[in-house]
Every structure is written in C-alpha cells, then in structure tokens.
Amino acid sequence: MAQKIIVEGYHTDRAVAPLSELIAGLREVEPALPESEAGRLLVSPPFELTSWLPDDAAARGREALEALGLRIVLREGPDDPSWWRERDSETQLERTPPPGLSADRVPEPAPAAHVTHAPHVPAEVPPPVPEGIWETWNEVVFHPSRFFASPLIRERIGNPFLFAVAVSVVGAVLGVPGNYVLLQGQGTTLAMELLRAVLATPFGVAVLVGISTVTLHVGARIFGARGDIGIAFRIVSYSMAVNVFWAVPMLGWSVPWFFYFIYSIAGLQGGYGLNPIRATSAALLPVIVFMSLIGLVATLVVLAIGASGLETWLQQMQQFEAP
C-alpha cells in the first residue's frame, strides 16, 4: 500500500522547529521539492506532498515531521501506485496502463484521507516575518497572536532592535510639534526638541528593551518555559511597534504600556509555548519591575524637592535676628 503525506498544520501543544529546519525536513521526505516552494507551502497549510511513498517510508516521514512540530495526516493510495500520476490536483490513469488493466477502465477514486491521530482544528499559522517596516508593523499591531506564534520568532532573522528604534523615532518626532504647542515651548525651540527626539529616543529604547528583555525572560523561566533570551529580545523589540502612538500629544507615552503587556502575553505563548495563565503571570514581572522603578524615581524626586524646600526654609529663618 502506498501513502501520501498531508501537512495539516502546526502543533499548538509543543515546540515548533524554526522554518529552516521545517524546510529541510520536508525536502528529506520530498527531495524534488524546491526550497522556495517548501517555504511557500509552510506559510499556509494544509498542503499535500506529491510523492506516493511505501508504508514504511511514509511512517518514517510522518514521525520525522511530527518531531519538528507539524501535524501530519496520511492518505492511502492504490496497491500499485506506479500507474497513478497527479495532474491538475486530480488522480488519473497513465496513458500506458499496467498489464491486466483495460485502457477504458476508469480507476476507482483514492480512499478518503486516513487520519492517523485525533483530528482537531488546525492552528492559524502566520506568514514569515514580513519584509519592510510597514508590513512588519501592520502584522504586529493588527495580528499579534499570529505574528508571535510564528516559528520565525525563534530564529535570529533581521534586526528587531533596529525596527524598534525606527518606529520609536517616528513616533517621537511626530509627537514633538503637539507637545511643543501644549507645553508652550518651555524655554526651548521646536528644532531643538526635534533634534532631542532623534538623538535621545534610541538610548531610551535601548534601556527599555534591555530591562524588559531580561525581566520577561526571567519571568518565562520562572514559570517553566524553555528557550534562550533571544526569544524575549525579539518579543520586546517587535512590541515596540506601538511606540508610533507616541505621536499623540501628552497621552501617547502612556498608551503603549497596555499593549506591551498584551503583546508580551502573546509572545510568551507563541515564543516560549506557555499556556495563557502562565504567560500572563510571567508578563507581570516586567510590569512590577517598571512600576517599582517609577515609584523609586518618584520617591527620590519628592525627597529632593523636600530637601530643597527645607533648605530654603532654614535660610529664611536665619534671616530673622533673635530678639
């Protein structure tokens, strides 16, 4: 009996291998499959490989692909597949039928797909990390669950930090005119504020990404996740897509924090494979750290103002002469 391999989708309860390994695995089972075609097929399963394989070869192929995180279905074919061929997605007779088969005999249709494991709803699999800042921004902001569930989030592809800096600079620069008008200049010029936004934003993003990456990775490990810190780095960097909202005067700096938290949960589920409860708990760690830092800074500012006020009061008291 011959069988075909059907890639039904991706497993949602186990780690999925990087795209390069998935492509290599498909080409081991189907050597004639071009690498570019394999990558295109993996973007939007389900799909069916073209070759009929003996039972043992099909079983080995299914086992190898399942180990990479793919969900596989085997479709049984005829006992002698040599006279079958694929044309326009339909199974037809070869022009030269095998001995004992009449040329006008119409072959029976291949049996329906034989599911070798319990079927379930295929997971929505995202496309690779899109090319271009705008395409990536659109995918992160409007399809975060799909984006952070991509196998590519585990690969060291592109430069997420440059994406974070570029989006943040755009948001900061667009927000300068509105903030300048609302704050009435505060003794500076619009050109100076624009220059400050361009120069200071990358430094601020670097600090934000660095602290968030470490705390998010620690949170993920505390709740049982496996994976390197690069996953957290990519989750945090791509979450900076919402920094474009810095363009909103005054309120733009507070809006993104909610989305950082939501995207962190999606990233922990897709990148580290945590369930929603563990992902939410792990995502709280960066929030706690930043709230603690904000509280510490506010306390220091209050103490500094209080110390300055006390010094001024003492100086005024010294101006009065004793009776």
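Fair warning: this is a prediction, and the values are worked out from it, not measured in the lab.

## Notes on a nonpolar patch on the surface
Then comes step 1: Judged by side-chain polarity, L182, L183, F245, V248, M250, L251 and V255 come together as a nonpolar surface patch covering roughly 600 Å² of accessible area.
Then comes step 2: Position of M250 among the secondary structure elements: in the loop between helix 8 (229-239) and helix 9 (256-272).
Then comes step 3: For M250, a relative accessible area of 47% gives the class partly exposed.

## Focus on the pairing of strand 1 (residues 2-10)
Then comes step 1: Taken across its nine residues, strand 1 has nine buried, putting it largely inside the fold.
Then comes step 2: Of the strand pairs in this sheet, strand 1 and strand 3 (residues 53-54) are connected by two bridges, and their pairing is antiparallel. Bridging across to strand 3, A2 finds its partner in P54.
Then comes step 3: Relative to strand 4 (residues 70-76), strand 1 runs antiparallel, the two being bridged by seven bridges. Considered in strand 4, the bridge of Y10 is made with L70.
Then comes step 4: Here two bridges tie strand 1 to strand 2 (residues 47-48), and the two strands are oriented antiparallel to one another. Across the sheet, the residue bridging to I6 is E48, located in strand 2.

## Side note on the side chain of H11
Then comes step 1: Its location among the elements puts H11 in the loop between strand 1 and helix 1 (19-29).
Then comes step 2: A distance of 3.4 Å separates the side chain of H11 from the backbone oxygen of L70, its partner in a polar contact.

## Regarding the packing of aromatic side chains
Then comes step 1: Counted according to the given criterion, the structure contains ten aromatic pairs.
Then comes step 2: Both rings, one in W134 and one in W137, keep their centres 5.3 Å apart while their planes meet at 20°; by these two values the pair is stacked. Note that W134 and W137 are positioned in helix 4 (residues 133-142) at a spacing of three residues, about one turn of the helix.
Then comes step 3: Residue W137 is classed as buried on the basis of its relative accessible area, which comes to 14%.
Then comes step 4: Here F147 and F148 contribute two aromatic rings whose centre-to-centre distance is 5.2 Å and whose plane-to-plane angle is 90°, an arrangement assigned as edge-to-face.

Parameters and conventions
- Residues numbered from 1 in each chain as written.
- Predicted model: local features only at pLDDT ≥ 70, side-chain atom pairs only at ≥ 80, totals over all residues.
- Heavy atoms only, no water.
- Patch = residues over 30% accessible without salt bridge, like charges linked within 9 Å, V, L, I, M, F, W, Y side chains within 5 Å.
- Areas by Shrake-Rupley, 256 points an atom, 1.4 Å probe, with all protein chains shown as cover.
- Salt bridge = Lys/Arg side-chain N within 4 Å of Asp/Glu carboxyl O.
- Helix = DSSP H or I, 4+ residues; strand = E, 2+ residues; numbered from the N terminus.
- Buried < 20%, exposed > 50% of the residue type's maximum accessible area, 1.4 Å probe, protein only.
- Pairing = 2+ DSSP bridges.
- Polar contact = N/O pair within 3.5 Å; in protein donor to acceptor, adjacent residues only side chain to side chain.
- Phe/Tyr/Trp six-rings, centres within 6.5 Å; stacked < 30°, edge-to-face > 60°.

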